[in-house]
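Coordinates in review
Chain by chain, the residues run as shown.
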Amino acid sequence: MSKHHVTTTINGEETEFLCETQETLLDVLRNTLNLTGSKEGCASGDCGACSVIADGTLVCSCLMLGVEAEGKTITTVEGIADGETLHPVQRQFLEHAALQCGFCTPGFIVATKALLDANPDPTEEEARYWLAGNLCRCTGYDKIIRAVMDAAAEMRGEARAA
Amino acid sequence: MPSLNYAAPTSVQEAVALLAGAAGLAKPMAGGTDLLVQLRSGRLKPELIVDTKQIPGMIGIREEAGGFVIGGATSGAMLEAHAALKAAWPGVVEAMDLIGSEQIQGRASLAGNLCNASPAADSVPAMIAAAAVAVIVGPKGERTVPVESIVVSPGRTSLARDEFILAIRLPPRPAHSGDAYLRFIPRTEMDIAVVGCGVNVTLDAAGVCTAARVSVGAVAPTPLLVAEAGAALVGHTLDEATLAKLDAAARAACKPISDKRGTIEYRIKVAGVLARRAAAIAFERAAGRVAKGH
Ligand SMILES: Cc1cc2nc3c(=O)[nH]c(=O)nc-3n(C[C@H](O)[C@H](O)[C@H](O)COP(=O)(O)OP(=O)(O)OC[C@H]3O[C@@H](n4cnc5c(N)ncnc54)[C@H](O)[C@@H]3O)c2cc1C
Ligand code: FES
Ligand code: FES
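Residues numbered from 1 in each chain as written. Chains lettered and ligands numbered in written order. Predicted model: local features only at pLDDT ≥ 70, side-chain atom pairs only at ≥ 80, totals over all residues. Heavy atoms only, no water.

A word on the overall build of chain B. Helix and strand counts for chain B come out as eleven helices and 14 strands. In terms of overall size, chain B behaves like a compact globule, its C-alpha atoms giving a radius of gyration of 19 Å where 294 residues would be expected to give roughly 19 Å. Overall size of chain B, expressed as C-alpha extent along the three principal axes, is 60 × 45 × 35 Å. Each of the 294 residues in chain B was classed as buried or not, and the buried ones make up 55%. (Helix = DSSP H or I, 4+ residues; strand = E, 2+ residues; numbered from the N terminus. Rg over C-alpha atoms; globule rule 2.2 N^0.38 Å. Buried < 20%, exposed > 50% of the residue type's maximum accessible area, 1.4 Å probe, protein only.)

Our next topic: the overall build of chain A. Within chain A one finds five helices and five strands. Here chain A has a C-alpha radius of gyration of 16 Å; the compact-globule value for 162 residues is 15 Å, and the two agree. In terms of its C-alpha atoms, chain A occupies a principal-axis envelope of roughly 60 × 30 × 25 Å. Summing over all exposed atoms, chain A offers an accessible surface of approximately 7300 Å²; the carbon and sulfur share of this is 48%. Between the centroid of the 12 positive side chains of chain A and the centroid of its 24 negative side chains there is a distance of 8 Å. (Areas by Shrake-Rupley, 256 points an atom, 1.4 Å probe, with all protein chains shown as cover. Lys, Arg positive; Asp, Glu negative; His and termini not counted. Charge placed at Lys NZ, Arg CZ, Asp CG, Glu CD.)

Residues and elements named next belong to chain B. Residues Leu85, Leu114 and Leu170 are the most contacted members of the largest nonpolar core, which totals 69 residues. Setting aside residues up to four positions removed in sequence, leucine 85 forms contacts with Ile61, Phe68, Ile70, Leu79, Pro90, Val93 and Leu170. Core analysis: the second largest hydrophobic core is formed by 34 residues, Leu203, Leu243, Ala253 and Ala275 among them. (Core = buried A, V, L, I, M, F, W, Y, C linked by side-chain atoms within 4.5 Å. Contact = heavy atoms within 4.5 Å.)

The subject of this paragraph is the domain arrangement of chain A. Residue and element names in this part refer to chain A. Considered domain by domain, chain A is made up of domain 1 (4-79) and domain 2 (88-155). Using only C-alpha atoms to locate each centre, domain 1 and domain 2 end up separated by 21 Å. Taken together, the contacts link 14 residues of domain 1 with 13 residues of domain 2. At the boundary of domain 1 with domain 2, total buried surface from both sides reaches about 1000 Å², with 71% on carbon and sulfur atoms. The tally of links between domain 1 and domain 2 comes to zero salt bridges. At the surface where domain 1 touches domain 2, the tally comes to three residue pairs in polar contact (both at pLDDT 80 or more). In terms of residue count, strand S3 (residues 51-54) provides more of the side of domain 1 that touches domain 2 than any other element does, three residues in total. Classifying every residue of the side of domain 1 that touches domain 2 gives six nonpolar, five polar and three charged. (Domains from an automatic or database assignment. Buried area = accessible area lost by both parts, 1.4 Å probe. Salt bridge = Lys/Arg side-chain N within 4 Å of Asp/Glu carboxyl O. Polar contact = N/O pair within 3.5 Å; in protein donor to acceptor, adjacent residues only side chain to side chain. Nonpolar A, V, L, I, M, F, W, Y, C, P; charged D, E, K, R; others polar.)

The subject of this paragraph is the packing of aromatic side chains. Residue and element names in this part refer to chain B. The final tally for this structure, using the stated rule, is two aromatic pairs over all chains. Ring geometry for phenylalanine 184 versus tyrosine 266: centroids 6.1 Å apart, planes at 75 degrees, classification edge-to-face. Separated by 82 residues along the polypeptide, phenylalanine 184 in strand S11 (residues 177-184) and tyrosine 266 in helix H11 (residues 264-286) bring together distant segments of the chain. (Phe/Tyr/Trp six-rings, centres within 6.5 Å; stacked < 30°, edge-to-face > 60°.)

All names here are of chain B. Pairing within the open sheet is antiparallel, and its four strands lie in the order S11-S12-S13-S14. Strands with a single pairing partner mark the edges of an open sheet, and in this sheet they are S11 and strand S14 (224-225). Here two bridges tie strand S13 (residues 209-217) to S14, and the two strands are oriented antiparallel to one another. Following the sheet pairing, serine 215 is matched in S14 by leucine 225. Contacting S11, strand S12 (195-203) and S13, H11 crosses the sheet at an angle of about 150 degrees to S11. (Pairing = 2+ DSSP bridges. Axes fitted to C-alpha atoms, helices over the stretch in contact; angles between N-to-C directions.)

Turning our eyes to something else, we now look at the side chain of arginine 183 of chain B. As for its position among the elements, arginine 183 of chain B is in strand S11. Here aspartate 122 of chain B takes part through its side chain, which lies 2.7 Å from a polar atom of the side chain of arginine 183 of chain B.

With that settled, consider the domain arrangement of chain B. For chain B, the domain assignment lists domain 1 (5-51), domain 2 (61-170) and domain 3 (178-286). Computed over C-alpha atoms only, the centres of domain 1 of chain B and domain 3 of chain B are separated by 35 Å.

Contacts to ligand 1 come from 34 residues, most closely from Pro28, Thr33, Asp34, Ser109 and Asp122 of chain B. Chain contributions to the surroundings of ligand 1 come from chains A and B. Here an oxygen atom of ligand 1 and a backbone polar atom of proline 28 of chain B are 2.6 Å apart. Aspartate 122 of chain B places a polar side-chain atom, nitrogen or oxygen, 2.7 Å from a nitrogen atom of ligand 1. Relative to its free-state accessible area of 990 Å², ligand 1 is covered by the protein chains to the extent of 93%. (Near = heavy atom within 4 Å.)

The subject of this paragraph is the interface of chain A and chain B. Taken together, the contact between chain A and chain B spans 28 residues of the former and 23 residues of the latter. A salt bridge links glutamate 40 of chain A to arginine 40 of chain B; the nearest nitrogen and oxygen atoms lie 3.1 Å apart. The tally of links from chain A across to chain B stands at seven residue pairs in polar contact (both at pLDDT 80 or more). Within the residue set of the side of chain A that touches chain B, elements represented by two or more residues are strand S4 (57-60) and helix H4 (124-130) of chain A. With four residues, S4 of chain A is the largest single contributor of residues to the side of chain A that touches chain B. Residue composition of the side of chain A that touches chain B, by class: 13 nonpolar, eleven polar and four charged.

We now examine the pairing of S3 of chain A. For a regular strand, the rule is simple: side chains alternate between the two faces of the sheet. All names here are of chain A. Burial of the side chains of S3 extends over both faces: Ser51 and Ile53 are buried on one face and Val52 and Ala54 on the other. In this structure, S3 lies alongside S4, joined through four bridges in antiparallel fashion. Paired with isoleucine 53 across the strands is leucine 58, a residue of S4. Across two bridges, S3 lies against strand S5 (residues 73-75) in antiparallel orientation. The residue bridging isoleucine 53 from the neighbouring strand is threonine 75, located in S5.

Residue and element names in this part refer to chain B. Within the secondary structure layout, glutamate 163 lies in the loop between strand S9 (156-157) and strand S10 (164-170). One polar contact links the side chain of glutamate 163 to the main-chain amide nitrogen of alanine 160, over a distance of 2.8 Å. Ignoring sequence-local partners within four residues, the contact set of glutamate 163 consists of Leu19, Ile136, Val137, Gly138, Arg143 and Ser158.

Put into C-alpha cells, the structure is as follows:
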C-alpha cells in the first residue's frame, strides 16, 4: 500500500505528512516533522513521555497511529509556550527545579496543561492521580507536584502558596 | 514483508466488507491501547487495521428504553464524564476508570477491553455483573450476545472474523439497585488485577436482595459469571451468614494460576474477600446510601 497522506493541525498550523500505517503519531512527530520535544520512553503507553493533546483529549502519541491524526487538532509540547513567552506551567517547572535529566518533562508539561484546562483548581490528590501515567526516574515527583499546584494557582490569578 | 493496510470506514457495511475481504488477519481497532502495543511487540501481525471510530454509533452514550447504549469505541474518559451513566452504573464506570492512566482513558474502550480477551480485563466482570450485552454486527446483520459469552479463552472471542461490536447495552435499572467493582493490585494505579470482582444487586423496600449477579476476573482463563455467588445473596440482607456463603461460592468458582502477582491459594482467598467488600458497596448503593468504591 502506498503511504497515507494526512492533513492535520499541529500547534495551530495546518500540517501535511506522509506515513506508513504502522508509524505512530510519535514516530511522525519526531522523525518526519522534526518535532522532537515529545519523547519515546517506552512505546507501550506506560511512561507518558510522548503525551500530546488530540482534539482536547490527553493521549499517548505512541499509542495512536499517525494516520489517525487526519482532520484532528494536535498540541505537542512545542505548542505550549506563546512564542517566546513560557506558559505558567513551564515557568513553574523551571522555578521549582522540577526536572533533572528532563526526559519526562515534555510529557509532564503537556499532561499538566490538559489537567488545568479541564480542572483549574485540582487538589493535590487529583493532580497526582491525573499525572500517574507520567513516570519520572529522577525527581521523586514532589517538586513536580509543587510546580503543578503553583502553576494552577498562578493561572487562577491567586498568590502562590508560600 | 507484506505492508500493513489501514482503513477508516464510515459505515457498518463497509467495515464488515473490509474485515471479510482481507486475505490475511484483519483487526478492528477502537482506542488501540492493546492493539498497537501488540503490533509493536510483533505479537500480532495483521494485514489490515479497520479503525472503527468513524462508524456512526461507535462513539457516544445514549439512554434507550430505560437502559444505556454505549458505542463500542467510546472512551473511558467519556464514560466518566457521563453523570447519568455514573449514577445508574457506578460499578461499570469505576471498573473502566481503573484502566490505565488519564492518557489511556482518553482512548481505551469497553469493547476493546472485552475483545482483547485478557482474563484480567477490569471492565469485564463489572459488565457481566451488570448483565450487559454486546451488540455484534456482521454480514448477516445484528445479533446480541451476553458479555459473559464473548471471551472463550485468553486472547480469543466468540466473534467471527468479519464481526465486530457496535455497542454495549446496559439494561434498565429497577429501583433500589446498585453495582460495584473492586480489584486487588499491589499498587494504587497502573497495574494488572490479581483478582477482580463485580457485584450487582437489586433490593426490595425492606433491603432484602431480590436479584444479584456476581462475576470474578483474573482467577480463571476467562472472566466468570458465578451463579452460585449471586444465588447466595438472593432472599437475604447482608448478614454474616450470607457473606460467608457468598465468599465460599466466589472461592469455589476460582481456577487460577500461580504467577509473580499471586499464588493460587492467595488469589482464591482474595476473591472471597473482594466479593464480600464489593457486595457491601453494591448493597449500600442499592439502599441509596453513598458508597465510595476502590
Ligand atoms: C499503560 C496501560 C495500562 C493498562 N491498564 C489496564 C488495566 O488496568 N486494566 C485493564 O483491564 N486493561 C488495561 N490496559 C489494556 C487496555 O488499555 C484495555 O484493555 C482497553 O480497554 C482496550 O481498549 P481499546 O479501545 O484501546 O482496544 P483496542 O486496542 O483498539 O482493541 C483491543 C482488541 O479488541 C479488538 N477490538 C477493538 N474494538 C473492537 C470492536 N468494536 N469489536 C470487536 N473487536 C474489537 C481489537 O482487534 C483488539 O484485538 C492497559 C493498557 C496500557 C497501554
Ligand atoms: S513512549 Fe508513549 S507512553 Fe512511553
Ligand atoms: S527528570 Fe529525569 S525522568 Fe524525570
